[in-house]
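Residue-level listing of the chains:
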Amino acid sequence: MESSTTPSLPSVPPPSSSSSSSGPLTPALDAEEGVEELTLVVKWSGREYTVRVCGDDSVAELKRRICEATNVLPKRQKLLYPKLATKLSDDSILLCHLPLKPSVRMTMIGTVEDDIIVDQVDAPEVIDDFELGQDEVTEIKDKEVNKQKLRRRVNQYKFSTKPLTYFWLPYVLMIELLNPCRKGKKLLVLDIDYTLFDHRSTAENPLELMRPYLHEFLSAVYAEYDIIIWSATSMKWVELKMGQLGVLSNPNYKITALLDHLAMITVQSDSHGIFECKPLGLIWGQFPEVYNSKNTIMFDDLRRNFVMNPQNGLIIKPFRKAHLYRGTDQELMKLTRYLLAIAGLDDLSLLDHGYWESYAEDSTKRRRHR
Ligand SMILES: [Mg+2]
């Protein structure tokens, strides 16, 4: 199995349970942000893990923190706590609304995924990308509680140039910077599933499911953009997929970093309840001198992933049914033209990326008439 040959994964060593000296649940006030902070001890597979969360975090967020410590994916976790098992199965409930007691430990039942390819194909498919109204997007983006979540995530993450993918320091996640940021370049952030790869179809060789022109696209835009890959799946999947497609070893471009679901935050909308998104502020907070809202663009097939930075998102047509469309899909070729056409602009966030196709066509015509 290919996943078992990946040398450094999973590589998040479990924290010691001894760090919780005052009991399984220790409410404390975060002086910086005035947020109630909780230290929980979670039992899993005969061991105890300390997990730090905030009162205004949801159950979904708690599961992500447990995933960091145990490598059990949130969707595989069942949390047990006296009289709260039903509530803990609702990802949208906030932890401050649950009567968690300092003397009681939580138990998690769940298995680390062994076969992530089977896992991807078996997972329920997200098809409908719900539409959030403009007002609602603005409200979510500007909500103080969401900004706080983002600030906390920025503080939890640190990029490193050391040759380790992930390693655990107290409450800090280190991510390897695969290649240095290049000052003066813009930043392109790319989703994987349905954006670069059809993860639902099966094939003997993963290359059959790769979106056409992927390497040509990355090679061309690398001249103007640093490239970060950000998937809502696990780092195992990201590394495996990118490795199989040759994205991490292509001599014509270099990937700056890989991000996974742990870097996402949970937000709530009035119309569609709780969902996860990819806040670019996480990257901007790590590299304020290189990347910002003016020089970043992100491709994803799901609009909701942009909710914290709607002006920086471009919705790409999903690449599904690879066997049917791999002969005709030209999205990445067309998007190459768009990215190169806008690369000279000072502020990409002033564009409406919804009109990218006509912009790319116009720029091609302009070049022809020159
Ligand atoms: Mg996707």
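Residues numbered from 1 in each chain as written. Predicted model: local features only at pLDDT ≥ 70, side-chain atom pairs only at ≥ 80, totals over all residues.

- An unreviewed UniProt entry annotates the protein chain as protein-serine/threonine phosphatase originating from Acorus gramineus.
- Per UniProt, the comment on the protein chain under Subcellular location (unreviewed entry) is "Nucleus".
- Per UniProt, the comment on the protein chain under Cofactor (unreviewed entry) is "Mg(2+)". (UniProt positions renumbered as here; feature names shortened; annotations may be inferred.)

## Here's the deal with the sheet that holds strand 10 (residues 225–230)
Then, in step 1: The strand order 11-10-9-14-15 describes an open sheet built from five strands, whose pairing is parallel. This sheet does not close on itself; its edge strands, each paired only once, are strand 11 (255–259) and strand 15 (313–315). Strand-to-strand, the axes of this sheet are offset by a mean angle of 20°, without reference to chain direction.
Then, in step 2: Pairing of strand 9 (residues 186–190) with strand 10 involves five bridges; the strand directions are parallel. Looking across to strand 10, one finds that leucine 190 is bridged to isoleucine 229.
Then, in step 3: In the packing of helix 6 (residues 235–244) onto the sheet, the strands contacted are strand 10 and strand 11, and the crossing angle to strand 11 comes to about 145°. (Pairing = 2+ DSSP bridges. Helix = DSSP H or I, 4+ residues; strand = E, 2+ residues; numbered from the N terminus. Axes fitted to C-alpha atoms, helices over the stretch in contact; angles between N-to-C directions. Contact = placed C-beta atoms within 7 Å.)

## Comments concerning the environment of alanine 232
Then, in step 1: Among the structural elements, alanine 232 can be located in the loop between strand 10 and helix 6.
Then, in step 2: Under the C-beta neighbour-count criterion, alanine 232 is labelled buried, with 21 such atoms within 10 Å.
Then, in step 3: For the pair alanine 232 and methionine 264, spaced 32 residues apart in the sequence, the C-alpha separation amounts to 7.5 Å.
Then, in step 4: Contacts of alanine 232, omitting those with residues within four sequence positions, involve His261, Met264 and Glu276. (Buried ≥ 20, exposed ≤ 12 C-beta atoms within 10 Å, placed from the backbone.)

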